[in-house]
Every structure is written in C-alpha cells, then in structure tokens.
There are 2 protein chains.
Amino acid sequence: MINKLVAKIQKTHAPIVVGLDPMLNYIPEHIQKRAFDQFGETLEGAAEAVWQYNKEIVDCVCDLIPAVKPQIAMYEQFGIPGLAAFKKTVDYCHEKDLVVIGDIKRGDIGSTSEAYAVGHLGKVQVGGKSYYGFDEDFATVNPYLGSDGVKPFIKVCKEENKGIFILVKTSNPSSGEFQDRLIDGRPLYEWVGEQVAAWGEEHMGDSYSYVGAVVGATYPEMGKVLRRVMPKSYILVPGYGAQGGKGKDLVHFFNEDGLGAIVNSSRGIIAAYKQEAYAKFGAEHFGEAARQAVIDMAADIDGALQAAK
Amino acid sequence: MINKLVAKIQKTHAPIVVGLDPMLNYIPEHIQKRAFDQFGETLEGAAEAVWQYNKEIVDCVCDLIPAVKPQIAMYEQFGIPGLAAFKKTVDYCHEKDLVVIGDIKRGDIGSTSEAYAVGHLGKVQVGGKSYYGFDEDFATVNPYLGSDGVKPFIKVCKEENKGIFILVKTSNPSSGEFQDRLIDGRPLYEWVGEQVAAWGEEHMGDSYSYVGAVVGATYPEMGKVLRRVMPKSYILVPGYGAQGGKGKDLVHFFNEDGLGAIVNSSRGIIAAYKQEAYAKFGAEHFGEAARQAVIDMAADIDGALQAAK
C-alpha cells in the first residue's frame, strides 16, 4: 500500500491528502436541508448530510489526488449513524481508487492494540469466517504506550500490506508540552522519530517503509531534523492552510527524490467555498471550490519544491 | 460523577471496576452458538454474543461493584455491529446504576478532541436538537498532544458533570520506552502526573477531581510516587490479576482515607470460569464464576488495605 501511495503521488504530481473532517457547519444549507427532510434533525440526518457532502467532494477531487484522510472523531461524535457514514465514506473512496488514511489515533496495550489493528486494517475472525470492520489502508497511531502498543499494528500491516503513521510531532500549539521536553539533550519527538525509523525497518516497501510518521507543518524546523532521523518513513504533514502552514514551510519534509511527504489539508479544501478566494463558486458548487483549492494547493507545494531545487 | 463514583465505592466497599473486554474466545460456547444460530457467523452474530455475555455478567455482579469499564477496541474490531453492542452495554449498565468508564484512549488536536468529547461524554448538536452519541460517564484520554488535546474533554466534562482518566503510566511491559525517560531528572510520567493534578484543579468534585489518572498495577513503586504527585486525582489502576498485579501491590495507590484508587480487572473476572480456581462453576455458570471472582478480588484488596493500616 505504501508502494501504491508513492505511485499515485508520482502520477498525480500532488503529494496531497484531503482531510474528510466534516463539521456540520461546513456543510452547505441545501445538503443539510435535504438530509433533515429525509431523516429529521437526528443522528441519522446528520450522518446522511456528512455522507452526501463527502461524496460530492470526493467526486470533484478524486482524479487530482492520491489519498483522503477521514478523521474518525468527526463521525464518532454522531454515534453509530456517524460511524456508519465513516465506513460508507471509506468504501466509496476505495471505489474511486483512493488510498484511505484512517485518522484514528488509536493506541493501547498489546492485545487491545491488536483489536484496533484488526478492526481498522485487518480482518476479524468470527467462527469459521472473517470480516473487515472498517478497512482503511493506513491508520494513525499514538506512540505513548511504546513498542507493544505499536507492534500489533505492524503485525496486521504485514498480513494485509497496509501501513501506519505514528504521531511524532503534532501540529497543535501545545504539542510541545511533552513532545519537546529534552531527554539526554534531545527532544522526546526525536526519540519517537528514531523509534519510528527502527519499527519501519520491520516492514519495508520498495523505497519507503509501511511505517510512517505524523509531523505538523506548523513546525518546519523540526520537520527538517525529523526528515533526517527517519529517511525511509513517509511523513504525513497536517497543519497546512487553516492551521497556518504554507508550501515554502514544507520543503524540508521532502527527500531529495521529491518524495517522502504527503501534506494534509481539511477545512482549507472541503470548506473552500467559505473562503473569500473561492466565494465565487457559491455554496451550491462547494465541490468545484474544493477542486480549485486542491489545484492551488498542488501548485503552491510544487512551486516551493521547484524553487528549492 | 466523581462524587457518585466515590459514594458507590464507599457503599460497596469494593474499589473495583470490571473491565468488559469481551474477546470471542472468552465467551462460552453456548452463548456463541445461540448468537450464531440467530445471526450466522457474521459481525452481527459476534456482536450479539458479546452483548449476551456482557448482560449476564453485569446481572451477576452489578450489586457488588461501583463501575464497569468497557474497552471499546474489543467492540470496534467487529465494526458497526460491534460498536452498537458497545452502546447497548453502556445503556444497560446505566439501567443497573453502574458508573461507566469508556476505555477509549482518545486524544487529538483541539477541535478533534472536542468531537471525541462530545461523542463520548456530551451531546452533539444537530440543527435545533441535541443527542448523546455513546454517553459514557468517564473516558480515558491520551496526553501525548498536551493541554489543547485534553482541555476540550474537561470543557465537556464541566457541562455534563462527567470525568476523564488520563494515561500517566500504563501497565504494559514497554510502557517505559517513552514514559520512563528522564526529563530534568524526573521521568516523563511524573511530568504528565503533575499536569494531571493541574488540569484537575479546573474541575473539582467534593473531595476528588473529575480529572483522574491511569497508572498500572504492574508498577507499584511508581504508583507510590504518583499518588503524592496527584493527591486529588482518582487513580484508575489496570493490570490486576491477569497482568500480574496483586492486592498488596495496590496499597500505595490509595490515600489514607482509603479512597483515591479504583482497580480494574477484565479477563480475571469476566473469564473467571476458565481459571482453575473457578472451574467448578462450569461454562454454563460463567456469570456466577465472575461474581465469585469479584468477591475474592474485593477481599484481596480490602485485606491488603487493612493490613497496611
């Protein structure tokens, strides 16, 4: 799956992942109204609105991008109907041949991490049969519990040719409270990054590992260091756009082969129609606005990468 | 809710939480067969088996204990039907007046943590209406992202009179890889514990905070230190029984008032019938075996607390 991700990035010339993180207030009125008319102002109604919104965005951008990253919290908040919309979104993105990164940030002790891994990336055994629960291609994983929280994911990844991205340095303002603390003179995130590189050796693709890392666009200097610490790990970079990251900040997240990083934008794409730059599309054409925002984001990143050559 | 938890612990004399972490291989043959006869060997069949198993255990132990802790990973592995069984379990435990600790170990950047908090502890707004998604009373939270990952949970907890337990020192063998690393001469888990105490001041109950901590029974010496670092935080202690912790190891997790800790056992209770000590009950009477295991666990802890006085 890491090979597929790399190939799709090379084909689309867009190291971009669109974050499918639908808040209800991003979803245009007409979509909400249609869903509520059918299901009422219920969890089912909210889930239907989320699904219809996602579907139109995916239809409008799927030829331009290699991957999507649905953030499961945005679905989980609507309980079971919300999670059913998550699953429907994962399946639909697979129909469109997109790589699906489940942003689930799970992580627990051994047998429990294995249950998460089985549920999101693998197959669960029921009597003589087996089933995919959610079936994403990649999942994000929290490293706080150490190797025995991470290795069950790697085990399932090996069986299924799937991958993970481990949180190393997150994009949020307070990420430094623990992640930046110095241990023997080096910040915790570097130690985690080193471990990601070591875990990554256990499951290599052709040129990159199935074990990647999450490093926020909001911390470009740290991205530069971490790029060297984990040369074979793909870096999933959140924080572009709405959180403040720009194309020129991202150059050091990439390797010299022009690969090694994939940049996420959520709100900046899926709610582009709410920005002044894309207001001309109007709420009716939010999918077209998203498409234009993807084109502009790809150009911004490509321009920065070309300028750095 | 922390006041309710404390009151129920005082009433039952059992600082015990039963972990409802049903693996299919814990579930007696006759329960599985009945479920598969009805729904086939499907995710729905597995979810039904899990639910029937939980129900019988809850019926057999609910008068003896203050709280249960369903581990959501064990349900999530069965996809949507599994999560529906999780929700059914939460609701049923509420009917039995048990405090429900959702062991979900979530944690993300601000707005995303808020979505998790809303989904698990609070109400989500849909148009003019609002709904509980999963409606646990407490949730476990991962601290790796720092304050802005945790505070959205505290905000929802304040609105709903609910609480959280933050991972400080986990019970698994490799928990030390990052958690034990020294920062200015003190291990990371102590810094996290100090932060838990500070966060806890934002939302106090009568004698304890709504913000508690997770510290593994498998690390009693660290429990002793952390008890002092977070005097007003309830400590949720996993790792008793199957993971190796014993009553005498637990004394230092408690304060002098005999309160301040609640000890989890999962497999040791719910699959007690598989242990030699409880084999006489037989698989048919797994609920009675669980009841006896709770009684024995309460006596073990009470004996250790009395001996330490």
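Check the entry above for the structure.
Let us look at the structure shown here. (Residues numbered from 1 in each chain as written. Chains lettered and ligands numbered in written order. Predicted model: local features only at pLDDT ≥ 70, side-chain atom pairs only at ≥ 80, totals over all residues. Heavy atoms only, no water.)

**Examining the overall build of chain A**
Keep this limit in mind: Numbering of helices and strands runs from the N terminus, with a helix taken as a DSSP run of H or I at least four residues long and a strand as a DSSP run of E at least two residues long. Here the radius of gyration uses the C-alpha set of atoms, whereas the globule reference equals 2.2 Å times the residue count to the power 0.38. Relative accessible area decides the class of each residue, using a 1.4 Å probe on protein chains only: under 20% of the type maximum gives buried, over 50% gives exposed, and in between gives partly exposed. Here a residue-residue contact requires only that any non-hydrogen atoms of the pair lie within 4.5 Å. To be clear on the numbers: accessible area is Shrake-Rupley with a 1.4 Å probe, and residue cover counts the displayed protein chains and nothing else.
The number of helices and strands found in chain A is 12 helices and 12 strands. A compact globule built from 309 residues would reach a C-alpha radius of gyration of about 19 Å, and chain A, at 19 Å, matches this within 12%. With the C-alpha coordinates of chain A rotated into their principal frame, the extents come out at 60 × 55 × 35 Å. Within the span of chain A, comprising 309 residues, buried residues form 64% of the whole. Across chain A, every contact between residues at least 6 apart in sequence was considered, and the portion connecting residues at least 24 apart equals 73%. Approximately 10700 Å² of chain A is accessible, and the part contributed by carbon and sulfur atoms is 50%.

**Overview of helix H2 (residues 29-39) of chain A**
Just so we agree on the cut-off: Starting at the helix axis, one direction is taken to each C-beta atom, and the arc is that of these directions.
Looking only at H2 of chain A, the buried set comprises Ile 31, Gln 32, Ala 35 and Phe 36 of chain A. Projected onto a plane normal to the axis of H2 of chain A, the buried residues spread over an arc of 125° and lie on a single side. Among the exposed residues of H2 of chain A, those oriented more than 90 degrees off its buried face are Glu 29, Lys 33, Asp 37 and Gln 38 of chain A. Residues of H2 of chain A that are buried sit in contact with helix H3 (43-61) and helix H12 (286-308) of chain A together with strand S4 (123-126) of chain B. Just downstream of H2 of chain A lies Gly 40 of chain A, where phi reads positive at about 80°.

**Side note on the relation of the copies chain A and chain B**
Which entries qualify depends on this criterion: To line up the copies, we fit them by least squares on C-alpha atoms, keeping just the residues with pLDDT of at least 70 in both.
The transformation that overlays chain A on chain B combines an axial shift of 0.0 Å with a rotation of 180°, and the residual RMSD is 0.0 Å. Expressed as a symmetry operation, the mapping of one chain copy onto the other fits a two-fold axis. Minimal C-alpha distance to the rotation axis in chain A is attained by Ile 183 of chain A, lying at 2.6 Å. Here 100% of the contact residues of chain A are again contact residues in chain B; the copies associate through an equivalent surface.

**Focus: the sheet that holds strand S7 (residues 163-169) of chain B**
In a beta sheet, neighbouring strands are held together by backbone hydrogen bonds and run either parallel or antiparallel to one another. Residues and elements named next belong to chain B. We apply this condition: At least two DSSP bridges between two strands are required for those strands to pair. Orientation is described by axes fitted as lines to C-alpha atoms, over the contacting stretch for helices, and by angles from 0 to 180 degrees between their N-to-C directions.
Overall, parallel pairing links the 8 strands, which are arranged S1-S2-S3-S6-S7-S10-S11-S12 in a closed barrel. If you compare each strand with its neighbour and ignore which way they point, the axes differ by 30° on average. With 2 bridges connecting them, strand S10 (residues 211-215) and strand S11 (residues 235-237) associate as parallel partners. Directly across from Ala 213, in S11, lies its bridge partner Ile 235.

**Quick look at the packing of aromatic side chains**
Residue and element names in this part refer to chain A. Stated formally: Pairs were defined over the aromatic rings of Phe, Tyr and Trp, the Trp ring being its six-membered one, requiring ring centres within 6.5 Å. Orientation was assigned from the angle between planes: stacked under 30 degrees, edge-to-face over 60, tilted for the rest.
The tally for this structure, following the rule as stated, stands at 16 aromatic pairs over all chains. Look at Trp 51 and Tyr 92: their rings are 5.5 Å apart centre to centre, the planes differ by 85°, and that puts the pair in the edge-to-face class. Taken as a pair, Trp 51 in helix H3 and Tyr 92 in helix H5 (residues 79-95) lie far apart in primary sequence, 41 residues in all. A single burial state applies to Trp 51 and to Tyr 92, both of which are buried. Summarising the aromatic geometry, the rings of Phe 138 and Phe 165 are spaced 5.1 Å apart at their centres and angled 35° between planes, so their arrangement reads as tilted. Of this pair, Phe 138 sits in strand S6 (residues 138-141) while Phe 165 sits in strand S7 (residues 163-169), and the two are 27 residues apart along the sequence. Just as Phe 138 is buried, Phe 165 falls in that class too. An aromatic cluster of three or more residues is present, and its members are Tyr 53, Tyr 273 and Phe 286.

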